[in-house]
Amino acid sequence: MARVTRVNGPLIEVHGLDGAAMFELVDAGGVPGEVVALTGDHATVQAYEYTGGLRPGARVASLGAPLSARLGPHLLGGIFDGLLRPLDGTGMWLEPSALRTSEERSWPFRPLVRVDTTVAPGTPIGMVDATADGAGALPYLVLSPGGTITAIRPEGGYAANTPVASVGGRDITMQWLWPVRRALPYRDRLDDQVPLITGQRVIDLLLPVRRGGTVAVPGGFGTGKTVLLQQIAKWCDADVVVYIGCGERGNEMADVLAELRELADPRTGGRLLDRTVVIANTSNMPMMAREASVYTGVTVAEHFRDMGYDAVVIADSTSRWAEARREFASRGGALSAEEGYPADLASAIAAFYERAGPVTTLGGKPGSVTIIGAVSPPGGDLTEPVTTHTQRFVRAVWSLDRDLAYSRHYPAVSWSGSFSRDGAALAACHARNDGRDWVTSRTRVASLLAEADRLSALAELVGTATFPARERVVLLAGRLLREGLLQQSALSPSDAYCAPERTARLARLILDAVDDCLRLTERGTPAGEIEVRDFSDLLRAKERP
């Protein structure tokens, strides 16, 4: 009989656990955990609950399966903890839900195939009616493992664990389990360059990301990471949003849930929460469940990707996930690297972001998973290990600038300290679909901002009065672009979201005004006369619908 020999916070050492496998779930005196190291019959277990009261000698039993996510129609519109157990998010606190579980609930099932039909793996054989109360704003598809349909239930309401079809002698239910640390299979990885529209002008114009891309959002405390990620969750054109609150404050997560319930989904007319899956492992919840929450979230996103949807994973923040790994590694005496983080930190970050991408599903449909991860470096130090390793493996970085945030410029995305490796390819996509205007505007805006930043540094030394007229107009252009285009209010009904076409029109409007000012300088108009002109109507153009 296996017994606990030592307890050190979330680390449990077990002796006598014969036949156990790596990443197998165990029950250690009522505390669920996962085997993370094996030496003979001695195992190290990572606990997913509070270990207070657990003592040496407690019995340990293997559960015979890895940590797995229960995937089913209950996910859309739900709030879950890091192990995908339902939470009640109706009040000021996130607590275990007392509502009926998905097994007890009746779901409206509608068959899509007939008996004796042979289907390929990943083919939808049924769906949960999206118009039913609580069934979500998107059709939930029941996918086939492949084979001949030998039985299928008629349209009606069934429990999630009730077999609704039989394929090749195998019973199929509306829910099933999948190990969270193993990626769901797909047919092919695609190289599609389709932009993910976020509704934030600085991102969609200067730092675009493709569907299936990866993004890091580093920024210190108070720079607006959470607000920016919430804006993307609300307005991006993904089909499904998986929002992971990893180690964040509970009141922030409660505010996110309240807003998602109140916001109307512009695509479906229902609640935005109905096509969102919220995984909340806040700072007051068990630490190592925080480490599992990011894998749980990306597994849920892959599940909806396999239905042919475009899913976005928003992890706020991956620094808390890395800190949980560091604390557990230090308790276990593992070899540490920079700043005490485990030596495998870089490979763990790479493996997480590797699960993003556009793919052809097993059923032949295109689908994608986009991962956007916030990074919260201590003291705003962007040279710390989590930030530097993450920047190596992502396709875009939206770095948040403290000076912009303190000057009330939001979103505080630094156009000079950020990059997008997909910018050129996505510009070509816009050129094909929207004409050359978007591409030329993006190039011109980036050029003017870079020149204005360079001149601003010089102006701090010698003053603007010594500059020629053209350089003074460039400085004015930088201010107009910052305040009239890149600055965006999350609280304004007309400015919280900006479509790409409107972004291009605003850019063109400001660029035309800048060109007029440059022509005036060529005709000999003093720069001082241009600088005192009233540009307020130009700056207010973004507030007009």
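What counts as what
- Residues numbered from 1 in each chain as written.
- Predicted model: local features only at pLDDT ≥ 70, side-chain atom pairs only at ≥ 80, totals over all residues.
- Heavy atoms only, no water.
- Helix = DSSP H or I, 4+ residues; strand = E, 2+ residues; numbered from the N terminus.
- Rg over C-alpha atoms; globule rule 2.2 N^0.38 Å.
- Buried < 20%, exposed > 50% of the residue type's maximum accessible area, 1.4 Å probe, protein only.
- Contact = heavy atoms within 4.5 Å.
- Pairing = 2+ DSSP bridges.
- 1 Å grid on protein atoms, 1.4 Å probe; cavity = no way out; pocket = protein on both sides within 12 Å on 5 of 7 lines; lining within 4 Å.
- Points joined across faces, edges and corners; volume = space filled by probe spheres on them.
- Nonpolar A, V, L, I, M, F, W, Y, C, P; charged D, E, K, R; others polar.
- Core = buried A, V, L, I, M, F, W, Y, C linked by side-chain atoms within 4.5 Å.
- Axes fitted to C-alpha atoms, helices over the stretch in contact; angles between N-to-C directions.
- Phe/Tyr/Trp six-rings, centres within 6.5 Å; stacked < 30°, edge-to-face > 60°.
- Lys NZ or Arg CZ within 6 Å of the ring centre and 35° of its normal.
- Salt bridge = Lys/Arg side-chain N within 4 Å of Asp/Glu carboxyl O.
- Expected span 1.5 Å × (residues − 1).
- Bend = angle between axes of the 7 residues up to and from the residue.
- Parallel < 35°, antiparallel > 145°, perpendicular 65-115°, else oblique.
- Left-handed = near helix turned anticlockwise from the far one by under 90°.

Turning our attention to the overall build of the protein. Along its length, the protein carries 14 helices and 28 strands. Here the protein has a C-alpha radius of gyration of 26 Å; the compact-globule value for 545 residues is 24 Å, and the two agree. Considering only C-alpha atoms, the protein reaches an extent of 90 × 55 × 40 Å along its principal axes. Here the protein, with 545 residues, has 54% of them falling under the buried criterion. The long-range fraction of contacts in the protein, counting pairs at least 24 apart against all pairs at least 6 apart in sequence, stands at 70%.

Taken in spatial order, the four strands line up as S12-S15-S17-S18 in an open sheet, and their pairing is antiparallel. For this open sheet the edge positions go to strand S12 (118-119) and strand S18 (170-172), each flanked by a neighbour on one side alone. Bridge count for strand S17 (residues 165-167) against S18 is three bridges, and the pairing is antiparallel. Paired with Ser166 across the bridge in S18 is Asp171.

Our focus in this paragraph is empty space enclosed by the protein. If you walk through the whole model with that rule in mind, you get one cavity of 30 Å³ or more. By volume, the largest cavity amounts to about 40 Å³. In terms of lining residues, the largest cavity is bounded by Gln230, Ala233, Lys234, Tyr243, Val256, Glu259 and Leu260. At the level of secondary structure, the elements contributing two or more residues to the lining of the largest cavity comprise helix H2 (225-235) and helix H3 (250-262). Across the lining of the largest cavity, the residue classes break down as four nonpolar, one polar and two charged.

So, about the nonpolar core. Within the largest apolar cluster, 72 residues are counted, with the highest numbers of intra-cluster contacts made by Ile125, Val242 and Phe304. Per-element accounting of this core gives the leading share, 10 residues, to helix H4 (residues 287-305). In contact with Val242, other than residues within four places in its own chain, are Val277, Ile279, Gly297, Val300, Ala301, Val312, Val313 and Ile314. Counting residues in each nonpolar core, the second largest holds 69 residues, with Met285, Trp438, Leu448 and Ala477 among its members.

The next subject is the sheet that holds strand S11 (residues 106-111). Across the sheet, which stays open at both edges, the four strands sit in the order S14-S13-S11-S16 with antiparallel pairing between neighbours. Each edge of the sheet is formed by a strand with only one pairing partner; in this case those strands are strand S14 (140-143) and strand S16 (156-159). Between one strand axis and the next, the sheet turns by 40° as a mean value, whatever way the strands run. One ladder, built from four bridges, connects S11 with S16; its direction is antiparallel. Paired with Trp107 across the strands is Tyr158, a residue of S16.

What follows is about the packing of aromatic side chains. Across all of its chains, the model carries seven aromatic pairs by this definition. Ring centres of Tyr140 and Phe304 lie 6.3 Å apart, and the angle between their planes is 80°; this geometry places the pair in the edge-to-face category. Separated by 164 residues along the polypeptide, Tyr140 in strand S14 and Phe304 in helix H4 bring together distant segments of the chain. Here the two residues Tyr140 and Phe304 agree in accessibility, since each one is buried. Cation over ring: Arg105 sits above Trp107, and NZ or CZ is 4.4 Å from the ring centre.

What follows is about the pattern of salt bridges. Going through the model one piece at a time under the given rule, you end up with 25 salt bridges. Between Glu13 and Arg6 there is a salt bridge, with the nearest N and O atoms lying 2.9 Å from each other. For Arg6, a relative accessible area of 34% translates into the label partly exposed. Across the salt bridge formed by Arg355 and Glu302, the nearest N and O atoms sit 2.9 Å from each other. Of this pair, Arg355 sits in the loop between helix H6 (345-354) and strand S25 (357-360) while Glu302 sits in helix H4, placing them 53 residues apart in sequence. Accessibility classification places Arg355 together with Glu302 in one group, the buried group. Shared partners join several salt bridges into a network, and the residues in it are Glu34, Arg181, Glu291, Arg325 and Asp344.

Our next topic: H4. An α-helical segment advances 3.6 residues per turn. Residues three or four places apart therefore align on the same side. Between its first and last C-alpha atoms H4 spans 28 Å; for 19 residues at 1.5 Å apiece the expected length is 27 Å, and the two agree. Maximal helix bending in H4 amounts to about 30°, located at Ser293. Along H4, 19 of the 19 residues are buried, which leaves the element largely enclosed by surrounding structure.

It is worth spelling out the layout of surface pockets at this point. Quantified by volume, the second largest pocket comes out at close to 580 Å³. Looking at the second largest pocket, it is lined by 27 residues, and the ones nearest its centre are Val36, Gln46, Glu291, Arg325 and Asp344. When residues of the lining of the second largest pocket are traced back to their parent elements, those giving at least two are strand S4 (31-39), strand S5 (42-47), H4, helix H5 (318-331) and H6. Broken down by class, the residue content of the lining of the second largest pocket amounts to 17 nonpolar, three polar and seven charged.

In this structure, Ala264 sits in the loop between H3 and strand S23 (276-281). A residue is classified by how much of its surface remains accessible, and Ala264, at 55% relative accessible area, is exposed. When the C-alpha atoms of Ala264 and Ser68 are compared, they prove to be 32 Å apart, with 196 residues separating the residues in sequence.

What follows deals with the pairing of S11. The two faces of a sheet get side chains in turn, since along a regular strand they alternate between them. Where S11 meets strand S13 (residues 124-128), three bridges bridge the pair, whose relative direction is antiparallel. For Arg110, the partnering residue across the bridge sits in S13 and is Met127.

The contact between H4 and H5 brings their axes to 8 Å, and the two run at 130°. It follows from the interaxial angle that H4 and H5 lie oblique. Like other packed secondary-structure pairs, H4 and H5 cross with a definite hand, here left-handed. Side by side, H4 and H5 meet where Met287, Met288, Arg290, Glu291, Val294 and Tyr295 of the first sit next to Arg320, Trp321, Ala324, Arg325, Glu327 and Phe328 of the second. By residue class, the composition of the contact of H4 with H5 is seven nonpolar, no polar and five charged.

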